[in-house]
Amino acid sequence: MALSNNVIGAINFVAMLLSIPIIGAGIWLANQPDNSCVKILQWPVIILGVLILVVALAGFIGGFWRIPWLLIAYLVGMLILIVLLACLVVFIYMVTMRGSGHLEPSRAYLEYHLEDFSGWLQRRVRSSFKWERIKLCLSSTDMCSQMNQSYTMAIDFFSSHLTPIESGCCKPPTACGYTFVNPTNWISPINNIADPDCIQWSNDQMQLCYDCNSCKAGLLANIKEEWRKADIILLITLIALISVYLVGCCAFRNAKTEDIFRKYKQGYTSSFFQENVKSGSKSPEIPVLEFENKMADSDTDTWPEKTSPYDLQT
C-alpha cells in the first residue's frame, strides 16, 4: 500500500507540473495587446490552471501522507476540472472555426470582414458600449504609429504582410481606393460607397479606422490566431492530464485492494491465535491433527484392497 500511495503522490506531482502550461497560456494571452483589451479568455484559463494546481497538490499530500479522504477529494475534483478543461478546448475550437482573410488585387496583406466570424465572437465587439472601451484601449497602443517608421514607400507597404489588426484598424479598406501617403495617412477616396467603412476612415491618428467593422474583424482575426495557439497547448495538456488521472485511479484502486487484504489478513491471524489461546494450545496444531486423521482414514479405506486372502488367514 505504501508503494501505491507513493505512486499516487508522484503522479500528482506530475499533474502539478501540467498545470504550469495552462497558467502560462493564460498569462501569455493576457500579455497580448488585443486580448488585454478584450479580456475574454485569459482569466478562465488562468483560474482553471490554478485550480488544477491546488487539486493536484491536495492529491500529492494525500498520497505521500496516506490521507484517504484527501485522495478521494482529489479524484473527484480532478475529474470535474478535466471535464471543464475539455469543454473549454472544444468551445475555443468551435468559436474559432470561422473567419479568414480575403485577398485583394496587388496586395500581400489580407482584408477581413466581420460577418465571416462566429456569432459569439461578433457579439463581443458589436455592442457600442463594449467597443468604445476596446477602441480606447487599442488607440492607446503604438501599433499603428510604428507602421509609419517601417513603411515609407507605397510599394513596400502593399507588399508587406500586415497583422489582421494592423490591416483592419490602421488603414482604410482597399476597395475604397484611397491614395497612399503613409501607412496612416490616405487621401482622395475613389469610391466612398464601395464599403461602409470608407466614410469611417479618418487621418486623425486617434481615430484612423477604429470605428470600422474591418477593425473589429481584424481584432477578431488576431484573437482567433492567438486562441488557436492556446487551444493547442490546452489540448496537449488535457491528454496528458487524462493519462495521469487514469494511472492515478489504478494506483488508488490497488492501494484500496491492498489495504482491504492487509486488514483481512491481520483480522484472520489475530482471531486464529485467539482461539488457540482460549483452547490452551501453544501452537496451531489443529490443522496438523486434521491432516493426520485424514491420512489414517485413507489408509483404512484402502487396506482391504492391498491385503491378500492369504494374509487374512494368517
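Cut-offs applied
Residues numbered from 1 in each chain as written. Predicted model: local features only at pLDDT ≥ 70, side-chain atom pairs only at ≥ 80, totals over all residues. Heavy atoms only, no water. Helix = DSSP H or I, 4+ residues; strand = E, 2+ residues; numbered from the N terminus. Contact = heavy atoms within 4.5 Å. Areas by Shrake-Rupley, 256 points an atom, 1.4 Å probe, with all protein chains shown as cover. UniProt positions renumbered as here; feature names shortened; annotations may be inferred. Buried < 20%, exposed > 50% of the residue type's maximum accessible area, 1.4 Å probe, protein only. Salt bridge = Lys/Arg side-chain N within 4 Å of Asp/Glu carboxyl O. Disulfide = S-S within 2.5 Å. pLDDT = per-residue confidence, 0-100. Phe/Tyr/Trp six-rings, centres within 6.5 Å; stacked < 30°, edge-to-face > 60°.

### Comments concerning the overall build of the chain
Step number 1: Secondary structure assignment for the chain yields twelve helices and four strands.
Step number 2: Within the chain, contacts between residues separated by at least 24 positions form 65% of all contacts whose residues are at least 6 apart in sequence.
Step number 3: Per element, the accessible surface of the chain, about 18,000 Å² overall, is 65% carbon and sulfur.

### Some thoughts on the UniProt feature "transmembrane region" (unreviewed entry) in the chain
Step number 1: UniProt records the feature "transmembrane region" (unreviewed entry) for residues 6-29, 41-65, 71-95 and 232-255 in the present numbering.
Step number 2: When the span residues 41-65 is considered, its composition is 92% helix and 0% strand, and the gap between its end C-alpha atoms is 37 Å.
Step number 3: End C-alpha to end C-alpha, residues 71-95 measures 36 Å, and it is 100% helix and 0% strand.

### Thoughts on the environment of S167
Step number 1: Secondary-structure assignment places S167 in helix α9 (residues 164-169).
Step number 2: With relative accessibility at 2%, the residue S167 sits in the buried group.
Step number 3: In this view, S167 contacts Y109, L110, E111, Y112 and L162; residues no more than four positions away in its chain are not counted.

### Some details on the pattern of salt bridges
Step number 1: Following the criterion strictly, the structure yields three salt bridges and no others.
Step number 2: When the shortest N-O distance is used, the salt bridge between K171 and E111 registers 2.7 Å. Within this pair, whereas K171 is found in the loop between α9 and β3 (179-182), its partner E111 is found in strand β2 (residues 110-111), the two being separated by 60 residues in sequence.
Step number 3: Since its relative accessible area comes to 0%, K171 is described here as buried.
Step number 4: One salt bridge in this structure joins K135 and E132, with 3.5 Å as the shortest N-O distance. Highlighted residues: K135 and E132, both in helix α6 (residues 128-139), separated by three residues, approximately one helical turn.
Step number 5: The class of K135 is buried, set by a relative accessible area of 13%.
Step number 6: Using a relative accessible area of 45% as the deciding quantity, one classes E132 as partly exposed.
Step number 7: Through salt bridges that share partners, E132, K135 and D211 make up one connected network.

### Observations regarding the state of the cysteines
Step number 1: Applying the stated rule across the entire model yields five disulfides.
Step number 2: Across the disulfide from C144 sits C170; the S-S distance is 1.8 Å. The sign of the S-S torsion, about -75°, decides the handedness of the disulfide formed by C144 and C170: left-handed. One end of the pair, C144, is in helix α7 (residues 143-150); the other, C170, is in the loop between α9 and β3, with 26 residues separating them in the sequence. The pair C144 / C170 is uniform in exposure class, with both members buried.
Step number 3: Between the sulfur of C209 and that of C212 lies a disulfide, 1.8 Å long from S to S. The chirality of the disulfide connecting C209 with C212 is left-handed, given an S-S dihedral of about -90°.
Step number 4: A residue is classified by how much of its surface remains accessible, and C209, at 0% relative accessible area, is buried.
Step number 5: Look at C212 and you get buried, because its relative accessible area is 0%.
Step number 6: Here the chain pairs its bonded cysteines, counted in sequence order, in the arrangement 1-2, 3-5, 4-10, 6-7, 8-9.

### Looking at the confidence of the model for the chain
Step number 1: A residue-level look at the chain finds 78% of positions with pLDDT of 70 or above and a mean pLDDT of 80.
Step number 2: Averaged pLDDT values for the elements of the chain fall to 44 in helix α12 (residues 309-313) and rise to 93 in β2.
Step number 3: Contacts of residues 281-292 to residues separated by more than four positions or lying in other chains number five contacts, the stretch itself having pLDDT below 50.

### Regarding the packing of aromatic side chains
Step number 1: Under the criterion given, the structure shown has eleven aromatic pairs.
Step number 2: On the numbers, 5.9 Å between centres and 70° between planes, the contact of F158 with F180 is edge-to-face. In this pair, F158 is assigned in helix α8 (residues 154-158) and F180 in strand β3, connecting sequence segments 22 residues apart.
Step number 3: Residue classification places F158 among the buried residues on the basis of a relative accessible area of 19%.
Step number 4: Here the aromatic residues Y109, Y151, F157, F158, F180 and W186 are joined through ring pairs into a cluster of three or more.

### A few points about the side chain of Q42
Step number 1: Following the sequence through the fold, Q42 ends up in helix α3 (residues 42-64).
Step number 2: Beyond its immediate stretch of four places on either side in the chain, Q42 contacts G26, L29, A30, N35 and S36.

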